[in-house]
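Results of the structural survey
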Amino acid sequence: MKIMILTGAGVSAESGLGTFRDTDGLWTRYDLNEVATPEGFARNPARVHEFYNARRANCLHARPNAAHQALARLQRGTHDVTLITQNVDDLHERAGSTDVIHMHGELTRALCAACGKRWDTPPTMSPNDPCPYCTAPATRPDVVWFGEIPYAMDTITLAAQEADLFVAIGTSAEVYPAAGIVELTRSDTLELNLEPSARANAFDTHRFGPATEIVPAWVDEIMA
Ligand code: BJW
């Protein structure tokens, strides 16, 4: 069976990484227009680097949880699993998942806004860091901000069209185009989340609860 999985911040919440829109989420403490848009970066690159440097440090100390581990186990089994994440952390990879598609980029990567090259980041980035390829002081985190086109959209669209089952895990479905993937698929659809998302009505079935409980339980069933 071809299974397409889309994860969001909820899958990493129990690893200690904050979500965005929950009551204690990042967007309650930071203005997303200032830290997650190209315009905010142009206005104040130091503030944006500080935001991502702090999140990179948190991520270094976080550990994959039982949900990440269960999804890696599912990938090692007999089903054909495409794992897409909106998360910029690397907890899926550290749990053993491979070929993870990071549609909103990765905290551990840097991008040169001048020449378009990418490379592994040092733990902290600063506004005037020169690009190692073209030397322009135009380096930025390799993440997808509002108004930018998410990565791998062609691959994601094809995977949605070919899937037998689409599962969204730990995402509020407030952000497009990720929230619209459920509409691209003709497959069965399942939402695994703490509570109904903004697009819950678009899914055939749902299971609600903490990811570390409901994801391993679902993986056990589908692998049985
Ligand atoms: C648990 C749990 C536990 C908690 N267990 N669950 C209509 C159509 C198309 C686009 C738009 C549109 N209207 C507006 C737009 C534009 C915009 C958009 O969507 N805006 C909305 C605010 C409406 N989208 C864009 O700008 C995107 N680009 C774009 O559209 O380009 C045009 C285009 C696209 C495609 C083809 C051609 C053209 C870009 C969006 C970029 C989003 N970037 C961010 C930041 C990334 C870097 C970073 O991490 O800092 O991505 S914003 C932030 O939100 C981050 C996340 O990946 C994303 C989604 O958040 P997520 O993962 O859902 O987290 P939360 O916090 O919202 O939800 C957590 C969930 O977990 C909740 O449901 C909890 O209940 C649950 N939970 N604990 C299980 N223990």
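Refer to the preceding data block for the structure.
Right, let's walk through the structure included here. (Residues numbered from 1 in each chain as written. Predicted model: local features only at pLDDT ≥ 70, side-chain atom pairs only at ≥ 80, totals over all residues. Heavy atoms only, no water.)

1. Quick notes on the environment of Glu183
- Within the secondary structure layout, Glu183 lies in helix H9 (residues 181–184).
- C-alpha of Glu183 to C-alpha of Ala160: the two residues are 23 residues apart in sequence and 8.9 Å apart in space.
- Excluding residues that lie within four positions of it along the chain, Glu183 makes contacts with Arg199 and Ala202. (Helix = DSSP H or I, 4+ residues; strand = E, 2+ residues; numbered from the N terminus. Contact = heavy atoms within 4.5 Å.)

2. As for the sheet that holds strand S2 (residues 80–85)
- With parallel pairing, 6 strands are arranged side by side in an open sheet as S3-S2-S1-S7-S8-S9. On the outer flanks of this sheet lie strand S3 (101–102) and strand S9 (205–208), each paired with one strand and no other.
- Sheet topology note: the strand S1 (residues 2–7)/S2 ladder contains 6 bridges and is parallel. In the sheet register, Lys2 faces S2, and the bridge partner there is Asp80.
- Strands in contact with helix H8 (residues 153–162) are S1, S2 and S3; relative to S1, the strand with the most contacts, it is inclined by about 130 degrees. (Pairing = 2+ DSSP bridges. Axes fitted to C-alpha atoms, helices over the stretch in contact; angles between N-to-C directions.)

3. So, the packing of aromatic side chains
- What the rule picks out here adds up to 8 aromatic pairs.
- Ring geometry for Trp27 versus Phe51: centroids 6.1 Å apart, planes at 25 degrees, classification stacked. One end of the pair, Trp27, is in helix H2 (residues 26–29); the other, Phe51, is in helix H5 (residues 45–61), with 24 residues separating them in the sequence. Phe51 carries the same exposure label as Trp27, and that label is buried. (Phe/Tyr/Trp six-rings, centres within 6.5 Å; stacked < 30°, edge-to-face > 60°. Buried < 20%, exposed > 50% of the residue type's maximum accessible area, 1.4 Å probe, protein only.)

4. Quick notes on the site of the ligand
- The environment of the ligand is formed by 36 residues, the closest being Tyr52, Arg55, Glu148, Thr171 and Ser172.
- For the ligand, an oxygen atom lies 2.5 Å from a polar atom in the side chain of Arg55.
- The separation between an oxygen atom of the ligand and a polar main-chain atom of Tyr176 is 2.7 Å.
- Protein coverage of the free-state accessible area of the ligand, which is 1,500 Å², stands at 77%.
- Broken down by secondary-structure element, the contributors of at least two residues to the shell around the ligand are helix H1 (10–13) and H5.
- Here the shell around the ligand is built from residues that sort into 18 nonpolar, 11 polar and 7 charged. (Near = heavy atom within 4 Å. Polar contact = N/O pair within 3.5 Å; in protein donor to acceptor, adjacent residues only side chain to side chain. Areas by Shrake-Rupley, 256 points an atom, 1.4 Å probe, with all protein chains shown as cover. Nonpolar A, V, L, I, M, F, W, Y, C, P; charged D, E, K, R; others polar.)

5. A closer look at the sheet that holds strand S4 (residues 105–112)
- Within the open sheet, the 3 strands sit side by side as S5-S4-S6. Their pairing is antiparallel. Looking at which strands have only one partner, the edges of the open sheet turn out to be strand S5 (118–120) and strand S6 (139–143). If you compare each strand with its neighbour and ignore which way they point, the axes differ by 45 degrees on average.
- Here S4 pairs with S6 via 4 bridges, running antiparallel. Bridging from a neighbouring strand, Cys112 pairs with Thr139 of S6.
- Contacts from H5 reach S4 and S6, with the element oriented near 50 degrees to S6.

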